[in-house]
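The residues making up each chain are set out below.
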Amino acid sequence: LRPYQFFAVEELIERAEKTNKNGYIWHTTGSGKTLTSFKASQVITKMPSVHKVLFVVDRKDLDYQTANEFNAFCKDSVDSTTNTRKLIEQLNNPDTKLIVTTIQKLNNAIMGERYKDKVAHLQDKKIVFIFDECHRSQFGDTHKNIKRFFNHAQMFGFTGTPILEANANNTQGIKQTTKDLFSECLHKYVIVDAIRDGNVLRFAVEY
């Protein structure tokens, strides 16, 4: 890990270990958010108080891609879910501590009548959710459904472009920012830092 990734992981670990509060990480695009989130997930799964860690992505094509990236860091660490039934199996398997899934499948699992009874026993467990690109998918009903279903959900978001007051998301007449959904920013590493450090490519602007 680079120093900024190390500090972000430390913040997430401390938050999960000592509190049930949410939080988000603002690391610029291309700075290695997947590795950062994987390392945090890996450590958090070993905490006795945490029942499972769910890494949630917002596009179906990212599901396979993200699982592959996780498995590249640590072989066979993640078995990517291929459908909601598979996700239910993983949620009910005590040996599966880390799950990568899409937000659509997660919503099906907790809202679908055919699955509700199978996951009801998880409602009072401490489940840590890590949302990839949390600026995109977390402003609709699914986020509310997850919070309503899991009584002890702890939610961490990763984003390169958070929704701030200036570009607040207007959903059903209510303006919301990333902070509104995930509480405070736990660590920040923005594009100017990354360019200065040589960790991402510079911009080439043409008119």
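Here the structure is shown first, and the text comes after it.
Residues numbered from 1 in each chain as written. Predicted model: local features only at pLDDT ≥ 70, side-chain atom pairs only at ≥ 80, totals over all residues. Heavy atoms only, no water.

1. As for the overall build of the protein chain
Argument step 1. Across its full length, the protein chain carries ten helices and eight strands.
Argument step 2. A fraction of 76% describes how many contacts in the protein chain between residues 6 or more apart in sequence connect residues 24 or more apart.
Argument step 3. Surface summary for the protein chain: the accessible area is close to 10800 Å², and the carbon and sulfur share equals 50%. (Helix = DSSP H or I, 4+ residues; strand = E, 2+ residues; numbered from the N terminus. Contact = heavy atoms within 4.5 Å. Areas by Shrake-Rupley, 256 points an atom, 1.4 Å probe, with all protein chains shown as cover.)

2. Structural notes on unusual backbone geometry
Argument step 1. In the Ramachandran plot, Ser-183 falls in the positive-phi region, its phi being about 70° despite a non-glycine side chain.
Argument step 2. Among the structural elements, Ser-183 can be located in the loop between α9 (178–182) and β8 (185–189).
Argument step 3. Under the relative-accessibility criterion, Ser-183 is labelled partly exposed at 30%. (Buried < 20%, exposed > 50% of the residue type's maximum accessible area, 1.4 Å probe, protein only.)

3. A few points about the pairing of strand β4 (residues 126–131)
Argument step 1. The element β4 is extensively covered by neighbouring structure, given that six of its six residues are classed as buried.
Argument step 2. Burial along β4 is two-sided: the face carrying Lys-126, Val-128 and Ile-130 and the face carrying Ile-127, Phe-129 and Phe-131 are both buried.
Argument step 3. Bridge count between strand β2 (residues 52–57) and β4: five bridges; the pairing is parallel. When the sheet's bridge partners are listed, Phe-55 is paired in β4 with Ile-130.
Argument step 4. The sheet contact formed by β4 and strand β5 (residues 152–159) spans six bridges and is parallel. Bridge assignment links Lys-126 to a residue of β5, and that residue is His-152. (Pairing = 2+ DSSP bridges.)

4. Some words on helix α2 (residues 33–44)
Side chains of residues three or four places apart in an α-helix project in the same direction, reflecting 3.6 residues per turn.
Argument step 1. Under the 1.5 Å per step criterion, the end-to-end length of α2 is 16 Å for twelve residues, consistent within 8% with the ideal 16 Å.
Argument step 2. Those residues of α2 that sit buried are Lys-33, Thr-34, Thr-36, Ser-37, Phe-38, Ala-40, Ser-41 and Ile-44. (Expected span 1.5 Å × (residues − 1).)

5. Thoughts on the side chain of Gln-5
Argument step 1. Within the fold, Gln-5 resides in helix α1 (residues 3–18).
Argument step 2. When its relative accessible area of 3% is taken as the criterion, Gln-5 is described as buried.
Argument step 3. Ignoring any residue separated from it by four or fewer positions in sequence, one finds Gln-5 in contact with His-27, Ser-31, Gly-32, Leu-35 and Thr-36.

6. Regarding the pattern of salt bridges
Argument step 1. This model, assessed by the stated rule, comprises five salt bridges.
Argument step 2. A salt bridge links Arg-15 to Glu-184, with the nearest nitrogen and oxygen atoms 3.1 Å apart. Separated by 169 residues along the polypeptide, Arg-15 in helix α1 and Glu-184 in the loop between α9 and β8 bring together distant segments of the chain.
Argument step 3. For Arg-15, a relative accessible area of 11% translates into the label buried.
Argument step 4. Overall, Glu-184 belongs to the partly exposed group, its relative accessible area being 38%.
Argument step 5. Of the charged contacts in the structure, one is a salt bridge between Arg-196 and Asp-197, with a shortest N-O distance of 3.0 Å.
Argument step 6. Residue class for Arg-196 comes out exposed when judged on its relative accessible area of 59%.
Argument step 7. Here the salt bridges do not stand alone but share partners, grouping Asp-193, Arg-196 and Asp-197 into one network. (Salt bridge = Lys/Arg side-chain N within 4 Å of Asp/Glu carboxyl O.)

7. Some remarks on the nonpolar core
Argument step 1. With 27 residues, the main nonpolar core has Leu-54, Phe-129, Phe-131, Ile-146 and Phe-150 as its most contacted residues.
Argument step 2. Top contributing element to this core by residue count: helix α5 (residues 103–111), with four residues.
Argument step 3. Judged by nonpolar contacts, the second largest core, of 22 residues, contains Ala-8, Ile-44, Val-53 and Phe-156. (Core = buried A, V, L, I, M, F, W, Y, C linked by side-chain atoms within 4.5 Å.)

8. Notes on helix α8 (residues 141–149)
Argument step 1. For α8, the set of buried residues is His-143, Asn-145, Ile-146 and Phe-149. Down the axis of α8, the smallest arc covering the buried residues is 160°, so these residues share one side.
Argument step 2. Buried positions along α8 lie against α5, α6 (113–119), β4, β5 and α9. (Arc of directions from axis to C-beta.)

9. Structural notes on the pairing of strand β3 (residues 98–102)
Put simply, side chains in a regular strand alternate between the two faces of the sheet.
Argument step 1. Most of β3 sits out of view: five of its five residues are buried.
Argument step 2. In β3, alternate side chains face the same way, and those of Leu-98, Val-100 and Thr-102 on one face and Ile-99 and Thr-101 on the other are all buried.
Argument step 3. Relative to β3, β2 runs parallel, the two being bridged by five bridges. By the bridge assignment for β3, Val-57 is matched with Thr-102.

So, to be careful, I would describe these as geometric facts and stop short of saying anything about function.
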